[in-house]
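What follows is each chain in one-letter form.
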Amino acid sequence: MSVIVFGSINMDLVARTPRLPAPGETLIGHEFTTVPGGKGANQAVAAARLEIPTTMVGRVGSDTFGAALLQALSSSGVNCDRIAVETTTGSGVAIIAVDDASENTIVVIPGANGLVDQSDVERLQLALSPTSVLMLQLEIPLLAVVNAAKAAKQRGATVMLDPAPAQSGLPAELYTYIDIITPNQVEASQLVGFPVETLVQAEQAAQVLRQRGAATALIKLGKLGAICATADHTFHIPSFPVAAVDTVAAGDAFNGGLAAGLAEGLSLPQAMTQAAAVAALAVSKPGAQSSLPTRAELVAFLARQHP
């Protein structure tokens, strides 16, 4: 069993400032860091650190950021052989300003991510098998996502879609290829057109997404845990209470933990419990990829929950 991630690879450029600048204003900041990111890359690292064979399919630029992004993925155990190096544009970047109240502004320049197309889908097809779990997000062109999902479905792979960044008008065709869709509350609300703030509303949203064609709908609810609706039943998995330090990669951690669990043969409830534990560990440390736990950290955490 293996995990394959078809998605975005970004370098996050993070500036910390006392407050966010007004239009035309120049501020002196506290700190600047470059942090490997992108939802696709984050989810690949989350799965790979749990010692599941994980392959990333996507694009970076032939720049210093691209080299650093490939190194970050490789050092976490991700197979990078199917990542193309694009010579016509730079790597994707996110320019992030964070103030002392933890409010932020973000500008994303897709760069090489914006050029992902059918040729990348063809590279993906070479890695797919009926035992693969394919993870998709929406930070690359939507047509490529649809074609990747279709290709994976034809190969008998399990298709997971994290519909983020949130958008309302996903193609009807895409739902029919999805085995598990995993929006958070905001994304679910945009997809279904009504607020998703309670367990009851999450159950209703999950049923709407199933009616559109997704085999299983899983709504991530932060501290409230997660609601999952399948063809047979609907159930709730609670979150693990931890002191949150940084929630930036919580959703990516959950998805990586879920895919890893399914790839190693866990049942869906078991995989969701593992995913909740991975997310809890991630939010208890600062950073995105740097906060994602190893297999040993996950095992030790779960052992402490059930001594």
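Every value quoted in this text rests on a predicted model; they were computed, and no experiment measured them.

J.: Where do I start with the sheet that holds strand S5 (residues 78-86) in this structure?
T.: Two pairing modes exist for strands in a sheet, parallel and antiparallel, and in both the strands are linked by backbone hydrogen bonds. The strand order S5-S4-S1-S8-S9-S10-S11-S12-S13 describes an open sheet built from nine strands, whose pairing is mixed. The sheet is open, and its two edges are formed by S5 and strand S13 (234-237), each paired on a single side. Pairing geometry for strand S9 (residues 158-161) and strand S10 (residues 180-181), over two bridges, is parallel. Considered in S10, the bridge of Leu161 is made with Ile181. Here helix H1 (residues 39-48) sits on the sheet and contacts strand S1 (2-6), strand S4 (54-61), S5 and strand S8 (132-136); the angle it forms with S4, its principal contact strand, is near 150°. Of the strands in this sheet, S10, strand S11 (216-220), strand S12 (226-229) and S13 touch helix H7 (residues 199-211), which is tilted by about 145° from S11.

J.: What's the story with the packing of aromatic side chains in this structure? I'm lost.
T.: Two measures describe an aromatic ring pair: the distance that separates the ring centres and the angle between the ring planes. For the structure shown, the criterion picks out one aromatic pair. Arranged with centres 5.4 Å apart and planes meeting at 75°, the rings of Phe240 and Phe301 form a pair that is edge-to-face. Separated by 61 residues along the polypeptide, Phe240 in the loop between S13 and helix H8 (250-263) and Phe301 in helix H10 (residues 295-305) bring together distant segments of the chain. For Phe240, a relative accessible area of 15% corresponds to the buried category.

J.: Would you mind going over a nonpolar patch on the surface with me for this structure?
T.: Taken together, the side chains of Ile95, Val107 and Ile109 present a nonpolar region at the surface, about 240 Å² in accessible area. Positionally, Val107 belongs in strand S7 (residues 104-109). Residue classification places Val107 among the partly exposed positions, given a relative accessible area of 48%.

J.: In this structure, what is going on with helix H2 (residues 64-75)? I would like to understand it.
T.: Because the α-helix completes a turn every 3.6 residues, residues three or four places apart line up on one side. With 12 residues, H2 should reach 16 Å at 1.5 Å per residue; the first-to-last C-alpha distance of 16 Å fits that figure. Those residues of H2 hidden inside the fold are in contact with strand S2 (10-16), strand S3 (31-37), H1, S4 and S5. Positive backbone phi, approximately 95°, marks Gly77, located one or two places after H2.

J.: What is the right way to look at helix H9 (residues 268-283) in this model?
T.: Between its first and last C-alpha, H9 extends 22 Å over 16 residues, near the 22 Å set by a 1.5 Å rise per residue. Judged by how many residues are buried, H9 sits mostly within the fold: 13 of 16 residues are covered.

J.: How should the nonpolar core be read in this particular structure?
T.: A general feature of soluble globular proteins is that nonpolar side chains tend to end up buried together. Judged by nonpolar contacts, the single largest core of 52 residues is most densely connected at Val3, Leu73, Leu258 and Met272. In this structure Leu258 touches Met160, Ile180, Thr182, Leu218, Leu268, Ala271, Met272 and Ala275, once residues within four positions along its chain are discounted. Listed in part, the 42 residues of the second largest apolar core include Phe6, Val121, Leu138 and Val145.

J.: Any chance you could explain the side chain of Gln43 here in plain terms?
T.: Residue placement: Gln43 occurs in helix H1. Residues in contact with Gln43, not counting those within four places in the same chain, are Val5, Met135, Gln137, Asp162, Asp252, Asn255 and Gly256.

J.: Before we go on, may I ask you to explain the packing of H8 against H9 in this structure?
T.: When two helices pack together, their arrangement is given by the angle between their axes and by how far apart the axes lie. For the pair H8 and H9, interaxial distance at closest approach is 7 Å and the crossing angle is 145°. The handedness of the crossing between H8 and H9 comes out as right-handed. Along the contact surface, H8 presents Ala250, Ala253, Phe254, Gly257, Leu258, Ala260, Gly261 and Leu262, while H9 presents Leu268, Ala271, Met272, Gln274, Ala275, Ala276, Val278, Ala279, Ala282 and Val283. Looking at the contact of H8 with H9, its residues break down into 15 nonpolar, three polar and no charged.

Basis of the calculations
Residues numbered from 1 in each chain as written. Predicted model: local features only at pLDDT ≥ 70, side-chain atom pairs only at ≥ 80, totals over all residues. Heavy atoms only, no water. Pairing = 2+ DSSP bridges. Helix = DSSP H or I, 4+ residues; strand = E, 2+ residues; numbered from the N terminus. Contact = heavy atoms within 4.5 Å. Axes fitted to C-alpha atoms, helices over the stretch in contact; angles between N-to-C directions. Phe/Tyr/Trp six-rings, centres within 6.5 Å; stacked < 30°, edge-to-face > 60°. Buried < 20%, exposed > 50% of the residue type's maximum accessible area, 1.4 Å probe, protein only. Patch = residues over 30% accessible without salt bridge, like charges linked within 9 Å, V, L, I, M, F, W, Y side chains within 5 Å. Areas by Shrake-Rupley, 256 points an atom, 1.4 Å probe, with all protein chains shown as cover. Salt bridge = Lys/Arg side-chain N within 4 Å of Asp/Glu carboxyl O. Expected span 1.5 Å × (residues − 1). Core = buried A, V, L, I, M, F, W, Y, C linked by side-chain atoms within 4.5 Å. Left-handed = near helix turned anticlockwise from the far one by under 90°. Nonpolar A, V, L, I, M, F, W, Y, C, P; charged D, E, K, R; others polar.

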